[in-house]
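Observations on chain architecture
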Amino acid sequence: MKALVKSSPKRGLELMDVETPSPGKGELLIKVKATTICGTDLHIFEWNDWASGRIKPPLIAGHEVGGEIVELGEGVQGFEKGELISVETHVYCNECFQCRIGNKHICENVKIFGVDLNGVFAEYAIVPAQNAWKNPKQMKPEIASIQEPFGNAVHSVFVGNDQLEDSNVLVTGAGPIGCFACGILKAAGAKKVIISDINDYRLELAAKMGADVLVNASNEKLVDVVKRETAGRGADVFLEMAGSSAALSDGLNALRPAGRVSILGIFAKPVPLDVTNGLVFKYAKVFGINGRLIFGTWKKTSELIEKKLVDPSPVITHRFSMDDFEEGFSLLEEGRAGKIVLVP
Ligand code: NAD
Ligand code: ZN
């Protein structure tokens, strides 16, 4: 089969012919219908410090997928050939303390699909059946694929169980996940969604997803805009989805007292923060967000998409054959894309 492989420890991916795998115990073989490129795949492509410390070539990259089951491994129950599935990326052990107390998403022995295990940039892929999520047959494979990052946004938005109806929410970072969050927040009844980025292309995508106020943080002072837009009070909820220390610090300044912050962004370096004023005196509620609740977040994600409460499709900006993957990765590096679909 055709596969995009990180074949040696250097920049790039190689389109290769590899042997089609067969499913082992507890595994499914899927025919990949659509995959989407994530920031993690870009790190693997670019071979940055994180990737070179973590990835052991050869590895088939990619983890966001919509695929059809073609074969069931030994002992697999509850799945049938022909079903359209998505994949939860955190491959959990089911045995550690966190798995046993219901925190499978932060499994102590977690393996990341497409990072520690071969992934989905290929014609076929092996998926642990416990990580497969079934979709309705009529769902578009590319929508099945983007449910994974969409789930990050769902987790971040709903984690506090606080009142979102009529709330003013600040999102920093209009990457695909920040854009999904805008649609989810509006579906949850948020009055005003303010989103910042430093890239106008991406802010326009956020507008298509329902953002009310766009802030280019290179030109405008985020705190001033949020204060102006919230009658001086500040944001009720703040979602950090940029992985930028400036965005985190400005966002905390723009949060109202007793507000809630969800931090999803991954920061390249430790972040200097005014904890006393930004969090303590503010009586802020802080949530670090890792992955998706397994499978609570997936259930919520399917409901939002299947009931058409959120249409995620504006975030998908490009579609390529897997043969033209380099074009897709270049667009992402240049910040001129939302989600990019690759079809094997
Ligand atoms: P992305 O990299 O596509 O988007 C991040 C956006 O932030 C970009 O559009 C960038 O221009 C913008 N940005 C950079 N500096 C900014 C600033 N100062 N102010 C405002 N915006 C700024 O990422 P994504 O795929 O949408 O993911 C969002 C974040 O979540 C990333 O940091 C990613 O690494 C992280 N992530 C975390 C998890 C988790 O489980 N915690 C899972 C997936 C992704
Ligand atoms: Zn575990």
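Quick caveat, the model's predicted, so the values are computed rather than measured.

1. Re the domain arrangement of the chain
Each assigned domain of the chain is listed here: domain 1 (2-139 + 312-343) and domain 2 (153-288). Listed by partner, the interface residues are 12 residues for domain 1 and 10 residues for domain 2. Between domain 1 and domain 2, the buried area comes to about 850 Å², and carbon and sulfur atoms account for 74% of it. In this structure, the connection of domain 1 to domain 2 is made through zero salt bridges. Along the contact surface separating domain 1 from domain 2 lie two residue pairs in polar contact (both at pLDDT 80 or more). For the side of domain 1 that touches domain 2, the class distribution of residues is five nonpolar, five polar and two charged.

2. Concerning the coordination of the zinc ion (ligand 2)
Protein-derived coordination of the zinc ion (ligand 2) comes from C93 (SG), C96 (SG), C99 (SG) and C107 (SG), at a distance range of 2.3 to 2.5 Å. What the four donor atoms of the zinc ion (ligand 2) show is an angle range of 103 to 118° at the metal, which sorts the shape as tetrahedral. Coordination of the zinc ion (ligand 2) draws on donor residues from a single chain, spaced C-x2-C-x2-C-x7-C in sequence. Assessed through its relative accessible area of 7%, C99 is described here as buried.

3. Examining the environment of H155
As for its position among the elements, H155 is in helix α4 (residues 141-158). Along the primary structure H155 and G178 are separated by 23 residues, whereas in three dimensions their C-alpha atoms are 12 Å apart. When residues no more than four places from it in sequence are discounted, the contact partners of H155 are H105, I289, N290, G291, R292, L293 and T297.

4. Regarding the pattern of salt bridges
Under the defined criterion, the tally for this structure stands at 15 salt bridges. Notably, a salt bridge pairs E68 with K33, separated by 3.6 Å at the nearest N-O pair. Of this pair, E68 sits in strand β5 (residues 64-72) while K33 sits in strand β3 (residues 27-36), and the two are 35 residues apart along the sequence. Salt-bridge contacts for K186 lead to D212; the nearest nitrogen and oxygen are separated by 2.8 Å. Taken together, the residues K186 in helix α5 (residues 176-187) and D212 in the loop between α6 (200-208) and β13 (213-216) connect sequence positions 26 residues apart. On the basis of relative accessible area, K186 is assigned to the partly exposed category, the value being 28%. Through salt bridges with shared partners, one network takes in E88, E148 and R292.

5. Notes on the packing of aromatic side chains
Within this structure, the stated rule accounts for five aromatic pairs. Between W133 and F295, the ring centres sit 5.6 Å apart and the planes meet at 15°, which makes this aromatic pair stacked. One end of the pair, W133, is in strand β10 (residues 132-135); the other, F295, is in the loop between β16 (285-288) and α10 (296-306), with 162 residues separating them in the sequence. You can call W133 buried: its relative accessible area is 19%. Each ring, one from W133 and one from W298, has its centre 6.2 Å from the other, and the planes form 40°; the classification is tilted. With a gap of 165 residues between them, W133 in strand β10 and W298 in helix α10 connect regions that are remote in the sequence. Taken together, the aromatic side chains of F45, F325 and F329 make up a single cluster linked through ring pairs. Residue placement shows K134 over the ring face of F79; its charged tip is 5.3 Å from the ring centre. Taking NZ or CZ as reference, K300 lies 4.5 Å from the ring centre of F158, over its face.

6. Concerning the site of ligand 1
Of all residues adjacent to ligand 1, which total 20 residues, the nearest are D197, R202, S244, I289 and G291. A distance of 3.1 Å separates an oxygen atom of ligand 1 from a polar atom in the backbone of I266. In the model, an oxygen atom of ligand 1 is placed 2.8 Å from a nitrogen or oxygen of the G291 main chain. Against a free-state accessible area of 850 Å², the protein chains account for coverage of 77% of ligand 1. If you list the elements that add at least two residues to the shell around ligand 1, you get α5 and β12 (192-197). Considering only residue class, the shell around ligand 1 consists of nine nonpolar, nine polar and two charged.

7. Observations concerning the packing of α4 against α5
At a minimum axis separation of 8 Å, α4 and α5 run at an interaxial angle of 60°. The orientation of α4 with respect to α5, classified from their angle, is oblique. Where α4 crosses over α5, the two elements pack in a sense that is right-handed. Residue-level inspection shows I146, P149, F150, N152, A153, V154, V157 and F158 of α4 in contact with α5, the latter providing I177, F180, A181, I184 and L185. When grouped by side-chain class, the residues that make up the contact of α4 with α5 number 12 nonpolar, one polar and no charged.

Definitions and limits used
- Residues numbered from 1 in each chain as written.
- Chains lettered and ligands numbered in written order.
- Predicted model: local features only at pLDDT ≥ 70, side-chain atom pairs only at ≥ 80, totals over all residues.
- Heavy atoms only, no water.
- Domains from an automatic or database assignment.
- Contact = heavy atoms within 4.5 Å.
- Buried area = accessible area lost by both parts, 1.4 Å probe.
- Salt bridge = Lys/Arg side-chain N within 4 Å of Asp/Glu carboxyl O.
- Polar contact = N/O pair within 3.5 Å; in protein donor to acceptor, adjacent residues only side chain to side chain.
- Nonpolar A, V, L, I, M, F, W, Y, C, P; charged D, E, K, R; others polar.
- Donors = N, O, S within 2.8 Å, 3.2 Å for Na, K, Ca; no water.
- Tetrahedral: all angles 85-135°; square planar, octahedral: opposite > 155°, others 65-115°.
- Buried < 20%, exposed > 50% of the residue type's maximum accessible area, 1.4 Å probe, protein only.
- Helix = DSSP H or I, 4+ residues; strand = E, 2+ residues; numbered from the N terminus.
- Phe/Tyr/Trp six-rings, centres within 6.5 Å; stacked < 30°, edge-to-face > 60°.
- Lys NZ or Arg CZ within 6 Å of the ring centre and 35° of its normal.
- Near = heavy atom within 4 Å.
- Areas by Shrake-Rupley, 256 points an atom, 1.4 Å probe, with all protein chains shown as cover.
- Axes fitted to C-alpha atoms, helices over the stretch in contact; angles between N-to-C directions.
- Parallel < 35°, antiparallel > 145°, perpendicular 65-115°, else oblique.
- Left-handed = near helix turned anticlockwise from the far one by under 90°.

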